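Structural features, examined
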Amino acid sequence: MKKPIKRIAVVHDLCGVGKAALSNIIPILSVMSVEPCAIPTIILSTHTGGFGKPVIKVNEDYIKRAMEHYKNIGISFDGLFVGYLGSIKNIKDMEECMKKSKYKGHTIVDPIFADNGRIYSNFDEDYVEAMKSMVGYADVITPNLTEACYLSGVPYKEELEENEIRHIAEILGNMGAKNVVITSVCNGTNIGSAIYCTRDNDFKIYYTEKEEKKYPGTGDIFASVIAGSIMNGFSLHESCRRAADFTKECINVSSQYDYDTKEGVILEKNLCMLMD
């Protein structure tokens, strides 16, 4: 008998302490009645945002070998969620896997490599060039504004006009992404997500008010709610609205408590919002 829930392969990093990556994604997808099957690209004792130098184990070759094992034992997936890959080799191995498998419109790519106008210190331009190959496999790609600018070749500005943001999204669509969601789009006191659907040339920006506090891992929360919502049949626009509202509420609730923001949001108090 087939399971009554859908299964999604999640290719991402795993942090022991600090709410980020798989630490956020697994509980979110689970409470949304989607089974997350973790394929860790890198294992860290903590995330890299303020805990000192973490213990890091890079799992090169693991993506390819894990996917081959699943194929050999007859395990299939209804969707694929690709996040932090960490090395050019992992990008190439992921691309080979994506060439061989189709996920029924449920391939979500979150190309994590930059923010605030800069590439992360452990990456370089070669990594960005390699990451561009992921764009064409995405049913939904969810770069932040910095990543979208690097992938599209458009110079980064903290605030862009709506027509400029649409132009970036259209470039990513022309690179093969079926749907584009650009996060961290700023407009004064508001922050938004720009949604572009290539099929019907539809473009919209969904804004919410900026929060005073900032927490690591909120991009992972946003992308995982989109992934879970799409797997459950929601439209892209509704998926993005749900993701933005949930992320905002996680920040609101966490802001009520006096603890170091580097630990991430208090996800556990908000998961009930995502239950059907």
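Scoring rules and cut-offs
Residues numbered from 1 in each chain as written. Predicted model: local features only at pLDDT ≥ 70, side-chain atom pairs only at ≥ 80, totals over all residues. Heavy atoms only, no water. Pairing = 2+ DSSP bridges. Helix = DSSP H or I, 4+ residues; strand = E, 2+ residues; numbered from the N terminus. Buried < 20%, exposed > 50% of the residue type's maximum accessible area, 1.4 Å probe, protein only. Salt bridge = Lys/Arg side-chain N within 4 Å of Asp/Glu carboxyl O. UniProt positions renumbered as here; feature names shortened; annotations may be inferred. Axes fitted to C-alpha atoms, helices over the stretch in contact; angles between N-to-C directions. Parallel < 35°, antiparallel > 145°, perpendicular 65-115°, else oblique. Left-handed = near helix turned anticlockwise from the far one by under 90°. Contact = heavy atoms within 4.5 Å.

Let's shift gears to the pairing of strand β11 (residues 202-209). Pairing geometry for strand β10 (residues 190-197) and β11, over eight bridges, is antiparallel. Across the sheet, residue isoleucine 191 finds its bridge partner in β11, namely threonine 208. Once β10 ends, the chain turns through four residues before running back antiparallel as β11, passing asparagine 201 with a positive phi of about 55°.

Turning next to unusual backbone geometry. Of note in this structure, alanine 21 is not a glycine but carries a positive phi near 50°. When you line up the elements, alanine 21 lands in the loop between β1 (6-17) and α1 (22-31). Of the residues examined, alanine 21 reaches a relative accessible area of 1% and is grouped as buried. For asparagine 116, which is not glycine, the phi torsion reads 50° and is therefore positive. In this fold, asparagine 116 is placed in the loop between β6 (114-115) and β7 (118-119).

Where side chains of opposite charge bring their charged atoms close, a pairing between them can arise. This structure, assessed with the given rule, holds 14 salt bridges. Across the pair lysine 89 and aspartate 61 runs a salt bridge, and its minimum N-O distance is 2.7 Å. Separated by 28 residues along the polypeptide, lysine 89 in helix α3 (residues 88-100) and aspartate 61 in the loop between β3 (56-58) and α2 (62-72) bring together distant segments of the chain. One salt bridge in this structure joins lysine 89 and aspartate 93, with 2.8 Å as the shortest N-O distance. Placement of both lysine 89 and aspartate 93 in helix α3 is noted, with a separation of four residues, approximately one turn of the helix. Several salt bridges share partner residues, and in doing so they unite Lys3, Arg7 and Glu35 into one network.

If you check UniProt for "domain: Pyridoxamine kinase/Phosphomethylpyrimidine kinase" (unreviewed entry), the listed places come out as residues 32-256 in our numbering. Secondary structure content for residues 32-256 is 40% helix and 24% strand, and the end C-alpha separation is 25 Å.

For the rest of this paragraph, the subject is the packing of helix α5 (residues 145-152) against helix α6 (residues 162-174). Their axes nearest at 9 Å, the elements α5 and α6 cross at an angle of 55°. Looking at the two axes, α5 sits oblique to α6. Classified by chirality, the crossing of α6 by α5 is left-handed. Together, Leu145, Ala148, Cys149, Leu151 and Ser152 of α5 and Ile168, Ile171 and Leu172 of α6 make up the contact between the two elements.

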